[in-house]
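Below, each chain spelled out in residue letters.
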2 protein chains.
Amino acid sequence: MKPVINVGLLGFGTIGTGVVKLLQNNGNLIERRLGAKLQLKRIADLDITTDRGVQVDPALLTTDAAQVLDAPDIDLVIELIGGYEPARSFVLRAIGNGKHIVTANKALLALHGEEIFAAAAKNGVEVMFEAAVGGGIPIISSIKENLCANNFHNIFGILNGTCNYILTRMTNEGLDFAEVLKAAQDAGYAEADPTFDIEGVDTAHKLALLISLCFGTKVPFDQVYTEGISKVSSLDIQYARQFGFQIKLLAISKLTNGAIEARVHPTMIPEHYPLADVAGAFNAVRVTGDFVGPVMLYGLGAGMEATASAVVGDCIALARNINSGTSPRTPGMAYQPEAIETLPIKSMDEVVSQYYMRFTTVDQPGVLAKISGVLGAHQISIASMVQPESHDVGSVPIVIMTHVSQEKNVRAALAEVDQLDVVLEPTHLIRIENDLD
Amino acid sequence: MKPVINVGLLGFGTIGTGVVKLLQNNGNLIERRLGAKLQLKRIADLDITTDRGVQVDPALLTTDAAQVLDAPDIDLVIELIGGYEPARSFVLRAIGNGKHIVTANKALLALHGEEIFAAAAKNGVEVMFEAAVGGGIPIISSIKENLCANNFHNIFGILNGTCNYILTRMTNEGLDFAEVLKAAQDAGYAEADPTFDIEGVDTAHKLALLISLCFGTKVPFDQVYTEGISKVSSLDIQYARQFGFQIKLLAISKLTNGAIEARVHPTMIPEHYPLADVAGAFNAVRVTGDFVGPVMLYGLGAGMEATASAVVGDCIALARNINSGTSPRTPGMAYQPEAIETLPIKSMDEVVSQYYMRFTTVDQPGVLAKISGVLGAHQISIASMVQPESHDVGSVPIVIMTHVSQEKNVRAALAEVDQLDVVLEPTHLIRIENDLD
């Protein structure tokens, strides 16, 4: 029983600063719960001079990672450098030295997870990563621990605060994407180069991790269909509202007949769904288990303090493991390594969904007949249609909501529709999730 | 490392049946994740003849609890009998025999928890109880584990499916309480004697447990102010909607200046809050931590299968502890026993809140002046007022929403108002939560 668990921190950036603050502010509280002290022994970063706004004993600071990785007194290492290298090498070295790992680095795990978890198992240590998905939301530990008696059927996630902040403001204020993106950047909710977030890549990475945890399968994240929010217009948001929907960037995975769907794209969901109230910088993950039914976890998906909460939560779990045990307690990716499979991933062609389609056409009779003729020829059945007032001279919008259709047919139909002489621009297509249990 | 963890079940009722089903259906899945088998060895119940709809090897069944409690091969005991005795004696005996406990019995823990957790600590075993609050929702493990680096500021919960089902139907269908209660009973969502649920007692028990876990303090549940839903009328629900609110039976606890508020009562919350979309039989718990911010967990709060998920989740956690460790891993009530305090509980008089008040008065000029005069004299400031159309001859409703006021003043004011000759019946009072971070 160690009364003090020694922690080494790699990376004194935003989250690292949050971790230092949390360990300082809540040290006594943690001891009251854990029954031991989490002692920050060393902080390694290339920059140890810039003031992070926290008081730190200078003796803790070093530019030499070896003082964390090879120090015999350090029990667990927090990796908050990010990226692939040197993070990967550092993590493997710490593991080789018998140290447990806490990380937030989903990219590292996505690319090198197999190697890292194998090394951890071999060395009798654990790697935890609650902070990699959903900031402070305890979704990873819930999937790995209390929910793990369930076969999971599906996953729905709002996983990127930048996108959700933008869509929330577009929805609440009727603004256009470009305007809100700029405001988001000014307010610190979006990066100077926002591509990674707004094109859905960040969300796809997180979904790949959740899929592995829930379904026990490897998913290369480049096999996750990824479509961002840059083409969502305020017009689409308005029409969505008319139909009783909201638009979110949803991460979606379903397991049906042994095959996985894995997709990220703007999605219309009914306003009364709890998911629809996830606003601004908040995130949520909703999973359905065969016994537990639907479970949704909601909270701040990013930010210094929320993410630090998840990192230190993992440290406490590892401290408990160290103090009560001798070997890894829970497999890193939720499944025993030998039980991990490679389930086939459905192509987008095979996905079935309801669809919202917004056409921009000439202002003539017969246009709707032409369009619905093409849809019908591709087995796409129309649930509802509106032809709203047009604000542009010479063109009219037509909005169609379809019944459940196959993506392959939808794409073929729209390829044809977009060639019609009555159609003035490519059709806007947004998928609808309307059938959550 | 035990490849098989032996489980004994006390109580073959609804949840017990769900546990048996889950262990049967998902045994292989559990093994793929846990790396060991959870083996149900014995089921004890006074009735071992009634068909529960699951196939069970008759050799497992016994009417003799000793065959679970004293059997040397059994590692952990699931207590699903409910009530105080013999549950308490059985649990203590199992603990004395070195067996871990999984229970859903919040009443037992509320009354005998201290004794039980002390016995467990002394005997080097653990007692887990995820299923005691919120059915399948992993709220207890989240508070005890990944969120435990946080000082919690408050707890809000929708914790009773019966009440939430009734209020949801009243809200969606405009029906009266009595009518929906009957429908709930017919549909199996309410008991023949529904008092325990609809008067908020069940919710109060669950809140007491959550308060102990979050704030590290003992709370006798008879100190939780408890007011049920039987006086909520469809009129109040309509007015709430006019003001943009929904009515839920909320469990509320706040920690301010070292004192605890603990109350259960119908509460108006803004429609756009994620809590407001928690409908029907769903439950939710929302906690706020000083670093993680607000976190909400949502799911099915009751039911055979959802509750079984939580029970078996606990079994898996204990199996992991058995297989990787030698001593209790996490203290039963989240805090080290010696760190548990007794924080003062605020009386309701000291609570501050916004209030909805519905008066029924004579149809005369000057009534509003009289009422607002009394309110003003008690430092209650009016935020808004409507005097809707009256459907009853000779009486008019007046609805007032107040600014933040002190409960003591509100009660004194309404005692006075209800004595006015212009007031025809006691004022309907519903508290408002409008300030969630």
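Residues numbered from 1 in each chain as written. Chains lettered and ligands numbered in written order. Predicted model: local features only at pLDDT ≥ 70, side-chain atom pairs only at ≥ 80, totals over all residues. Heavy atoms only, no water.

**Quick look at the packing of helix α4 (residues 87-96) of chain A against helix α5 (residues 106-123) of chain A**
Residue and element names in this part refer to chain A.
Phase 1: Running from amino to carboxyl end, α4 crosses α5 at an angle of 10°, the nearest separation of the two axes being 9 Å. Between α4 and α5, the crossing angle belongs to the class labelled roughly parallel. Contacts between α4 and α5 involve Ala87, Arg88, Val91, Leu92, Ile95 and Gly96 from the first element and Leu108, His112, Glu115, Ile116, Ala119, Ala120 and Asn123 from the second.
Phase 2: Looking at the contact of α4 with α5 residue by residue, the classes come out as eight nonpolar, three polar and two charged. (Axes fitted to C-alpha atoms, helices over the stretch in contact; angles between N-to-C directions. Helix = DSSP H or I, 4+ residues; strand = E, 2+ residues; numbered from the N terminus. Parallel < 35°, antiparallel > 145°, perpendicular 65-115°, else oblique. Contact = heavy atoms within 4.5 Å. Nonpolar A, V, L, I, M, F, W, Y, C, P; charged D, E, K, R; others polar.)

**Regarding the interface of chain A and chain B**
Phase 1: On the side of chain B, 70 residues touch chain A, which itself brings 70 residues to the contact.
Phase 2: When chain A packs against chain B, close to 5,500 Å² is buried across both sides, 51% of that on carbon and sulfur atoms.
Phase 3: Along the contact surface separating chain A from chain B lie four salt bridges.
Phase 4: The shortest N-O distance in the salt bridge between Arg320(A) and Glu145(B) comes to 3.3 Å.
Phase 5: Elements that contribute at least two residues to the side of chain A that touches chain B include exactly α1 (14-25), α2 (27-34), α6 (139-144), β12 (293-300) and α12 (304-324) of chain A.
Phase 6: At 13 residues, the largest contribution of residues to the side of chain A that touches chain B is made by α12(A).
Phase 7: In terms of residue class, the side of chain A that touches chain B is built from 31 nonpolar, 24 polar and 15 charged.
Phase 8: As paired strands, β12(A) and strand β12 (residues 293-300) of chain B are joined by five bridges and run antiparallel to one another. Note that in β12(B) the partner of Tyr298(A) across the bridge is Met296(B). (Buried area = accessible area lost by both parts, 1.4 Å probe. Salt bridge = Lys/Arg side-chain N within 4 Å of Asp/Glu carboxyl O. Pairing = 2+ DSSP bridges.)

**Structural notes on the relation of the copies chain A and chain B**
Phase 1: Overlaying chain A on chain B yields an RMSD of 0.1 Å, the required transformation being a rotation through 180° with an accompanying axial translation of 0.0 Å. These values place the two chain copies in the arrangement generated by a two-fold rotation axis. Within chain A, Gly325(A) has its C-alpha nearest the rotation axis, a separation of 1.8 Å.
Phase 2: With an isologous cut-off of 70% or more, the 100% of interface residues of chain A that recur at the interface of chain B puts this contact in the isologous class. (Least-squares fit on C-alpha atoms with pLDDT ≥ 70 in both.)

**Brief notes about the environment of Ile78(A)**
Residues and elements named next belong to chain A.
Phase 1: Looking at where Ile78 falls in the secondary structure, it is placed in strand β4 (residues 76-79).
Phase 2: A sequence separation of 71 residues divides Ile78 from Val7, and the C-alpha atoms of the two residues are 7.3 Å apart.
Phase 3: Here Ile78 is in contact with Val7, Gly8, Leu9, Leu10, Val19, Val102, Val311 and Cys315, once residues within four sequence places are set aside.

**Quick notes on the pattern of salt bridges**
Residues and elements named next belong to chain A.
Phase 1: For the coordinates displayed, the defined rule picks out 50 salt bridges over all chains.
Phase 2: A salt bridge links Glu433 to Lys254; the shortest N-O distance between them is 3.1 Å. Here Glu433, found in the segment after β17 (423-432), pairs with Lys254, found in strand β9 (residues 245-256); they are 179 residues apart in sequence, far enough to count as distant. Neither residue differs from the other here; Glu433 and Lys254 are each classed as buried.
Phase 3: It is possible to trace a salt-bridge network through shared partners that takes in Lys254, Glu261, Arg263, Lys346 and Glu433. (Buried < 20%, exposed > 50% of the residue type's maximum accessible area, 1.4 Å probe, protein only.)

**Concerning the domain arrangement of chain A**
Residue and element names in this part refer to chain A.
Phase 1: Looking at chain A, the domain boundaries give domain 1 (4-133 + 304-333), domain 2 (140-300) and domain 3 (349-432).
Phase 2: Look at where the C-alpha atoms of domain 2 and domain 3 centre, and you get two points 25 Å apart.
Phase 3: Taken residue by residue, the interface counts 16 residues in domain 2 and 16 residues in domain 3.
Phase 4: Note on domain 2 versus domain 3: buried area summed over both sides is about 1,400 Å², and carbon and sulfur give 66% of it.
Phase 5: A per-residue breakdown of the area domain 2 buries against domain 3 is headed by Tyr239, Phe243 and Met268, which together make up 42% of the total.
Phase 6: Put simply, domain 2 and domain 3 have two salt bridges between them.
Phase 7: Here Glu227 and Arg431 are joined by a salt bridge, their closest N and O atoms 3.1 Å apart.
Phase 8: For the side of domain 2 that touches domain 3, the secondary structure elements donating two or more residues are α11 (234-242), β9 and β10 (259-270). (Domains from an automatic or database assignment.)

**Some details on the sheet that holds strand β1 (residues 4-10) of chain A**
As a general point, the strands of a sheet are linked pairwise by backbone hydrogen bonds and lie either parallel or antiparallel.
All names here are of chain A.
Phase 1: The sheet built from six strands is open, its strands ordered β3-β2-β1-β4-β5-β6 with parallel pairing. Of all the strands in the sheet, the pair left with one neighbour each is β3 (61-62) and β6 (127-128).
Phase 2: As paired elements, β1 and strand β2 (residues 37-44) share seven bridges and run parallel to each other. From the neighbouring strand, Leu9 faces β2, where its bridge partner is Ile43.

**So, the side chain of Asn323(A)**
Phase 1: Turning to its location among the elements, Asn323(A) is positioned in helix α12.
Phase 2: Overall, Asn323(A) belongs to the buried group, its relative accessible area being 11%.
Phase 3: Looking at Asn323(A), its side chain comes within polar contact range of the main-chain nitrogen of Lys2(A), at 2.5 Å.
Phase 4: In this structure, Asn323(A) is in contact with Met1(A), Lys2(A), Ile5(A), Ala36(A) and Ser327(B), ignoring residues within four places of it in sequence. (Polar contact = N/O pair within 3.5 Å; in protein donor to acceptor, adjacent residues only side chain to side chain.)

**Thoughts on helix α7 (residues 161-173) of chain A**
Residue and element names in this part refer to chain A.
Phase 1: With 13 residues, α7 should cover 18 Å at 1.5 Å per step; its first-to-last C-alpha distance of 18 Å lies within 8% of that length.
Phase 2: Most of α7 sits out of view: ten of its 13 residues are buried.
Phase 3: Listing the buried residues of α7 in full gives Gly161, Thr162, Cys163, Asn164, Tyr165, Ile166, Leu167, Thr168, Met170 and Thr171.
Phase 4: Where α7 is buried, its residues touch β7 (152-158), α8 (177-186), α9 (195-198), α11, β9 and β11 (282-289).
Phase 5: Two to three positions downstream of the cap, the backbone nitrogen of Thr162 sits 3.1 Å from a side-chain oxygen, assigning the N-cap of α7 to Asn160.
Phase 6: Looking one or two places after α7, you find Gly174, whose phi comes out positive at around 65°. (Expected span 1.5 Å × (residues − 1).)

**Let's talk about the side chain of Ser234(A)**
Residues and elements named next belong to chain A.
Phase 1: Positionally, Ser234 belongs in helix α11.
Phase 2: Here the side chain of Ser234 touches Asp176 through a polar contact of 2.8 Å, side chain to side chain.
Phase 3: Ignoring sequence-local partners within four residues, the contact set of Ser234 consists of Met170, Gly174, Leu175 and Asp176.

**Let's talk about helix α8 (residues 177-187) of chain B**
All names here are of chain B.
Phase 1: When α8 is considered as a whole, its buried residues turn out to be Phe177, Val180, Leu181 and Ala184. Axial view of α8: buried residues confined to an arc of 105°, hence all on one face. Exposed positions of α8 whose direction lies more than 90 degrees from the buried face are Ala178 and Asp186.
Phase 2: Among the structural elements, α7 (161-173) and α9 (195-198) are those in contact with the buried residues of α8.
Phase 3: Of the residues one or two after α8, Gly188 is the one with positive phi, at around 85°. (Arc of directions from axis to C-beta.)

**Observations concerning the packing of aromatic side chains**
Phase 1: Applying the stated criterion across every chain, the model contains six aromatic pairs over all chains.
Phase 2: Pairing Phe282(A) with Tyr298(A) gives two aromatic rings, centres 4.8 Å apart and planes at 5°, and the pair type is stacked. One end of the pair, Phe282(A), is in strand β11; the other, Tyr298(A), is in strand β12, and 16 residues separate them in sequence.
Phase 3: Here Phe117(B) and Phe129(B) contribute two aromatic rings whose centre-to-centre distance is 5.8 Å and whose plane-to-plane angle is 55°, an arrangement assigned as tilted. Taken together, the positions of Phe117(B) in helix α5 (residues 106-123) and Phe129(B) in the loop between β6 (127-128) and α6 (139-144) put the pair twelve residues apart, joining distant regions of the chain.
Phase 4: Phe129(B) sits in the buried class, given a relative accessible area of 1%. (Phe/Tyr/Trp six-rings, centres within 6.5 Å; stacked < 30°, edge-to-face > 60°.)

**Considering the sheet that holds strand β1 (residues 4-10) of chain B**
Residues and elements named next belong to chain B.
Phase 1: With parallel pairing, the six strands of this open sheet are ordered in space as β3-β2-β1-β4-β5-β6. Pairing within the sheet leaves two strands with one partner each, and these edge strands are β3 (61-62) and β6.
Phase 2: The pairing of strand β2 (residues 37-44) with β3 spans two bridges and is parallel. Each bridged residue has a counterpart across the sheet, and for Ile43 the counterpart in β3 is Leu61.

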